Amino acid sequence: MPAAILTTQTPEITLAPTPVRKPLKGQKALVTGGDSGIGKGIALALGAAGADVVVNYHSDAAAANNVADAIAQLGSRALVHQADVSQEEQVLEMFQQMFDELGTIDILVANAGLQKDAPLTEMTLAQWNAVISVNLTGQFLCCREVVREFKRRGVVKKVSCAAGKIVCVSSVHEVIPWAGHVNYAASKGGINMMMKTIAQEVAPHRIRINSIAPGAIRTPINRAAWDTPEAMHDLLTLIPYGRIGEPSDIGRAAAWLASDDSDYVHGTTLFVDGGMTLYPGFADGG
Ligand code: BGC
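The sections below set out a description of the structure shown in this document. (Residues numbered from 1 in each chain as written. Predicted model: local features only at pLDDT ≥ 70, side-chain atom pairs only at ≥ 80, totals over all residues. Heavy atoms only, no water.)

**Regarding the pairing of strand β4 (residues 107-110)**
Where burial is concerned, the two faces of β4 agree: the one with I107 and V109 and the one with L108 and A110 are both buried. Sheet topology places β4 next to strand β5 (residues 164-169); 4 bridges connect them, and they run parallel. Residue pairing across strands places V109 opposite V167, the latter belonging to β5. At this point the chain moves from β4, through helix α4 (residues 125-153), to the parallel β5, and the crossover so formed is right-handed. (Buried < 20%, exposed > 50% of the residue type's maximum accessible area, 1.4 Å probe, protein only. Helix = DSSP H or I, 4+ residues; strand = E, 2+ residues; numbered from the N terminus. Pairing = 2+ DSSP bridges. Right-handed = clockwise from strand over helix to strand, strands pointing away.)

Next up, the structure:
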């Protein structure tokens, strides 16, 4: 037997590239309000997880196109579609166009939302209606259309074990009252009951629906709450985890809720809020 050859040379180690998990590969998603803020974070996360994404937007076409380009860079297909989700005709047209171009839909993220803040006695009916119609009626219209399609198509086993998944973007203000924002808090409280009621109704069809309740996330909607050191300091007193949230925090949660990894999660709200709903004022009081 020849003696073993001893060498001082370090053998070359070739590390296999870390496999990128694409749990949403082959699935088609619609993200309303996907052009900015939390919606953008979600659209990117779904694209990164392998889904083809329709990025709905209301007025900023350039921003929507940027998100679509970024998704394409991640290797997924992306389309943009302008629609005001509070308008029934526009929602119907958006779904029809999605079916024409992508064939069907597997994931809806009902995210589009806005704030029009005012103290109760100064809030106009127009401010009330604007928020309720986008945040709540818009989610109702999109949920109704998507459930029609999920029921028509049913489960396609090689795509997902569910016939479809819905993620409603709510807020910590579905449970935390918010003075000066009665329209917004009412819309988010409404999303909670809407989601649970739909959940009860659609479960037998193997359709899953859940909500995400973000806390303070660094987006344009709440810029005033974080863009000065003083504002950030005050904000952090409300967040036990000690940092503001980022859109990607919500994106990862949405990708999980949309995937078969969460297949037995149904009719619930996932709070992604750094502990904002833990009554931080009681940490050293009460
Ligand atoms: C609101 C933000 C706010 C956050 C926490 C969100 O739903 O849109 O403006 O900062 O809740 O209060």
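**Here's the deal with the sheet that holds β5**
Pairing between the strands of a sheet comes from backbone hydrogen bonds, and it takes one of two forms, parallel or antiparallel. The strand order across the open sheet built from 7 strands is β3-β2-β1-β4-β5-β6-β7, with neighbouring strands paired in parallel fashion. What marks the edges here is a single partner per strand, and that holds for β3 (78-82) and β7 (269-272). Neighbour to neighbour, the strand axes of the sheet diverge by 20° on average, direction disregarded. Sheet strands touched by helix α7 (residues 247-258): β4, β5, β6 (207-214) and β7. Its angle to β6, the strand with the most contacts, is close to 165°. (Axes fitted to C-alpha atoms, helices over the stretch in contact; angles between N-to-C directions. Contact = heavy atoms within 4.5 Å.)

**Things to note about the site of the ligand**
Neighbouring the ligand are the residues Q115, S171, H173, W178, Y184, G215, A216, I221, N222 and M276. For the ligand, an oxygen atom lies 2.5 Å from a polar atom in the side chain of Y184. (Near = heavy atom within 4 Å. Polar contact = N/O pair within 3.5 Å; in protein donor to acceptor, adjacent residues only side chain to side chain.)

**Concerning the side chain of E145**
Within the secondary structure layout, E145 lies in helix α4. Residue E145 is classed as buried on the basis of its relative accessible area, which comes to 10%. The residues touching E145, leaving out its near neighbours within four places in the chain, are V91, L92 and F95.

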